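# Observations on the three-dimensional arrangement
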Amino acid sequence: MTTSTTSETAARPPIIEVDGLWTQFGDHVVHRDLNLRVQPGEVMSLVGGSGSGKTTLLRQMLGLEKPTRGGIKVFGIPLQNTPREMVRRIRRRWGVLFQEGALYSALTVFDNIALPLRELRVFDEDYIHDMVMLKLDMVDIERRHAWKNPSDLSGGMVKRIALARALVLEPELIFLDEPTAGLDPDRSESFVNLIRSLREKLGLTVVMVSHDLDTIVALSHRIAVLAEQRVLVYGPLAEVIKVDHPFVQNFFLGERGQRAMSGVAAPPT
Amino acid sequence: MSQTHTASTPAPTAAQVDDPAVHALPGPPLAFTLTGAWDIRALQHRARLLRAELKIAASTSGCHWDLSSVQRLDHIGALLIWHAWDRRRPANVRMRPEHEPFFANLDQPGEAVAAPAFDFTRPARALGRQVIGFFDHTVGIITLLGQMAIDTLRMLRHPTLGPWREVSAGIYRTGTQALAITAGVGFLIGVVLSYLSSEQLKAFGANVFIINILGIGLIRELGPVLCAVLVAGRSGSAITAQLGVMRVTEELDALSVMGIPYTVRLVLPRVIALSITLPLLILWTTTVALIGGALAAEHELGITVSQFLTGLPAAVPAVNLAIGVGKGVVFGALIAVVACHFGLRIQPNTESLGAGTTSSVVASITSVIIADAAFAILFHDVGIALM
Ligand SMILES: Nc1ncnc2c1ncn2[C@@H]1O[C@H](COP(=O)(O)OP(=O)(O)OP(=O)(O)O)[C@@H](O)[C@H]1O
Ligand SMILES: [Mg+2]
């Protein structure tokens, strides 16, 4: 799956452009002159040690936090100093899966997924019902859970329903923060298949923060390693693992990494 | 849409992306060609129109469908077309192979799951639930009190382990920070009460009784109740919301599994803090209210402030002060216990947080007023100066 798609995408403008990004909390510098480009139709994985600023970078790409310096463009439009209406229109074109799911706790599962559709005010309830059921099927949630409240769901179910909600408006770009944390291996596998099929069907672009090597290896076209306050290396897996840096070596080439990349689960010793 | 049902509009070139449209090609057999982008971006403005057009088209039986000129398709568009087809794939459909997958999952109906229907027994059950809820809350509060009593006894044996820091923080939050608002409200009430009474007293020439009315009224009754209502709204709601959020974020469970009983850590300090601060606040509010009343009386009735102050001890026996302060201790504990009880009962969702905070304030004010009535009955022959 890690086939390079450079030939078909090189000509198209990048979906996300991060230029000279600085982030500073007090005098703690998180990002120092960070640059990143995400090409359309690709799955980009963001990896890095705990506290290396992955979530912060993701929130900045979403326009939830302002960088100290530097600019971020999504769909070619800068997020800073842009009319609010324009930013709102961009936000309709992406979907976000938050680390904790962020389902609306006062709404049922059904209403959570239906909410973005209802906001458009063009579809009738009959249509919305079918669309919600379709999305539930897509993320492997049985339909009888549709009328439950988020507080009555398991952590993994919350994740998958949040994914369904993120997908319901057919986004061109989707942000995933730890999509497979809390999912059992079977479900992780079907998550990988779902993202893969959506990418093929819709040309979806994916920005994913993950620590799950199996998922990263299975999905990513490119991997950005965040370390030392910048993007240490950005490229396909084969390129990334050549870098001689303790984090990269431990992450990809440690025992766990070897197992994931060889594609066979070694028996636990 | 003039072009829609006109004959044979050529399919658009692939380079540009067009608005979605339905074209009719006169038969026989009658054929419909869909063109343009059938995805959310294009459809969100035209879905209603297209649905109507598709419906008319689909009502023709035996027609052919040509989707091969659709430039873009997603699940939203596919489902729209599928609905027009009455959830069945017609016999004659042509579409691009890459669009087939969007229709692939649609013909597995899956069991239909309808929203729970409206239940006509709901009002009756709601009433029943409220009655049971009342007893439930009563039992809950008594249990909480019992648990607290046990915890207090245990704590008294090891006083150094007590939650003194929390108590001190609670006194600051519920007392010190409430000084301004209670003084402001108290002063205004004193002034207003004094003005209104003056009008009546002037008519009877009983000017000097303003001291009795304000003294007894404020010290014994209005000061404590007014203060308790303010504190219930201010600190009671805050306590409920705090504990509620801790429930939502599982902090309460985290405390429990560490073997720290939350009655000791969270409930007890708040109860102690409020039963210390409320009597003090009552003294403070009553004093300010009396000053306001005295100033207004000087203005309206010509009774000087010094006259007012000298007359006060005679008009209001000192035991009234004790009753006022005693009420403060009871009301404070009551507000804190009720607020904690509702806070601990909040379900982990935002709706319940809002509802719980509201009921907490309503319940604590109600219980304060009931307790006040009980005080009035118990002390009906204590501290009223008879002329
Ligand atoms: N609002 C904030 N104020 C101060 N410091 C912050 C703030 N948000 C994040 N940080 C700091 O920025 C750094 C990066 O945080 P971030 O949450 O992006 O890490 P992460 O890469 O997502 O880590 P993890 O893998 O553990 O989720 C951390 O050192 C954190 O302490
Ligand atoms: Mg994070």
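About the thresholds
- Residue positions within a chain follow its written sequence, with the count starting from 1.
- A letter from A marks each chain and a number from 1 marks each ligand, given out in the order of writing.
- Given that this is a predicted model, residues contribute local features only at a pLDDT of at least 70 and side-chain atom pairs are listed and counted only at 80 or more, while totals for whole chains, interfaces and linings are drawn from all residues.
- Side-chain calculation: all heavy atoms of the structure are included, whereas hydrogens and water are not.
- We call two strands paired when DSSP finds no fewer than two bridges between them.
- Strands are runs of DSSP state E lasting at least 2 residues, helices are runs of H or I lasting at least 4, and numbering of each runs from the N terminus.
- Here, residues are in contact when the closest pair of their heavy atoms is within 4.5 Å.
- Here an angle of 0 to 180 degrees is reported between the N-to-C directions of two axes, which are lines fitted to C-alpha atoms, with helices fitted over the stretch in contact.
- In these notes, residues near a molecule or strand are those with any non-hydrogen atom within 4 Å of it.
- The definition of a polar contact used here is a pair of N or O atoms within 3.5 Å, where within protein one atom must be able to donate a hydrogen and the other to accept one, and adjacent residues in sequence count solely through side-chain atom pairs.
- Each accessible area is a Shrake-Rupley result for a 1.4 Å probe, and residues are judged covered by the shown protein chains and nothing else.
- Gly counts as polar in this scheme, as do all residues outside two lists: the nonpolar Ala, Val, Leu, Ile, Met, Phe, Trp, Tyr, Cys and Pro, and the charged Asp, Glu, Lys and Arg.
- In what follows, roughly perpendicular refers to angles from 65 to 115 degrees, roughly parallel to angles under 35, roughly antiparallel to angles over 145, and oblique to any angle outside these ranges.
- If you view the pair so one helix is near and one far, a crossing is left-handed when the near helix is turned anticlockwise from the far one by less than a right angle, and right-handed when it is turned clockwise.
- Note on exposure labels: buried denotes an accessible area under 20% of the residue type's maximum, exposed denotes more than 50%, and partly exposed covers the range between, all computed with a 1.4 Å probe on protein chains only.
- Crossover handedness is defined here as right-handed if the route from the first strand over the helix to the second strand goes clockwise, with the strands pointing away from the viewer.
- A domain assignment, automatic or from a database, supplies the domain bounds used here.
- Salt bridges, as used here, are contacts in which a Lys or Arg side-chain nitrogen is within 4 Å of a carboxyl oxygen on Asp or Glu.

Residues and elements named next belong to chain A. Spatial ordering of the open sheet is given by β2-β1-β4-β5, a layout of four strands whose pairing is antiparallel. Each of the sheet's edge strands pairs with one partner strand only, and the pair in question is β2 (28-38) and β5 (77-78). The strands touched by helix α2 (residues 54-61) within the sheet are β1 (16-25), β2 and β4 (69-74), with β1 carrying the most contacts at an inclination of about 125°.

Turning to the site of ligand 1, a few remarks are in order. Residues and elements named next belong to chain A. Near ligand 1, the surroundings consist of F25, H28, V30, G49, S50, G51, S52, G53, K54, T55, T56 and H211. Between ligand 1 and the protein, one listed contact pairs an oxygen atom with a side-chain N or O atom of H28 at 3.3 Å. Take S52: an N or O atom from its main chain is 3.3 Å from an oxygen atom of ligand 1. Burial of ligand 1 by the surrounding chains reaches 60%, relative to a free accessible area of 630 Å². Listing elements by their share of the shell around ligand 1, those giving two or more residues are β2 and α2. With three residues, the top contributor of residues to the shell around ligand 1 is α2. For the shell around ligand 1, the per-class residue count stands at two nonpolar, nine polar and one charged.

Quick look at the packing of helix α4 (residues 109-120) of chain A against helix α5 (residues 125-138) of chain A now. Residues and elements named next belong to chain A. Direction vectors running N to C along α4 and α5 enclose 120°, while the axes themselves pass 10 Å from each other. With respect to each other, α4 and α5 are oriented oblique. With respect to the hand of their crossing, α4 and α5 are arranged in right-handed fashion. Residues V109, F110, I113, A114, L117 and R118 of α4 form the contact with α5, whose participating residues are E125, I128, H129, M131, V132, M133, K135 and L136. Classifying every residue of the contact of α4 with α5 by side-chain character gives ten nonpolar, one polar and three charged.

This part covers the pairing of strand β7 (residues 173-177) of chain A. Two faces make up the sheet, and in a regular strand the side chains alternate between them. Residues and elements named next belong to chain A. For β7, the buried fraction is high: five of the five residues fall into the buried class. Neither face of β7 is exposed, since L173, F175 and D177 on one face and I174 and L176 on the opposite face are all buried. Read as a crossover between parallel neighbours, the route from β7 over helix α7 (residues 185-202) to strand β8 (residues 205-209) is right-handed.

A separate point is the domain arrangement of chain B. The domains assigned to chain B are domain 1 (2-107) and domain 2 (126-378). The gap between the C-alpha centroids of domain 1 of chain B and domain 2 of chain B is 68 Å.

Glancing now at the interface of chain B and chain A. The interface is formed by 29 residues belonging to chain B together with 31 residues belonging to chain A. Here chain B and chain A share one salt bridge between them. A:E172 is the salt-bridge partner of B:R41, the closest N and O atoms lying 3.3 Å from each other. For the pair chain B and chain A, the interface holds nine residue pairs in polar contact (both at pLDDT 80 or more). Only α1 (40-43), α2 (47-58), α3 (75-84), α4 (100-104) and α13 (350-378) of chain B provide two or more residues apiece to the side of chain B that touches chain A. Class assignment of the residues belonging to the side of chain B that touches chain A gives a composition of 15 nonpolar, seven polar and seven charged.

Residue and element names in this part refer to chain A. Reading across from one edge, β6-β7-β8-β3-β9-β10 is the order of the six strands in this open sheet, with mixed pairing throughout. The two strands at the open ends of the sheet, each matched to only one other strand, are β6 (94-97) and β10 (230-235). Going across the sheet, the axis of each strand differs from the next one's by a mean of 15°, ignoring polarity. As paired strands, β6 and β7 are joined by four bridges and run parallel to one another. The partner of V96 across the bridge, within β7, is F175. Seen against the sheet, α2 touches β3 (43-48), β6, β7, β8 and β9 (222-227) and runs at an angle of roughly 155° to β7.

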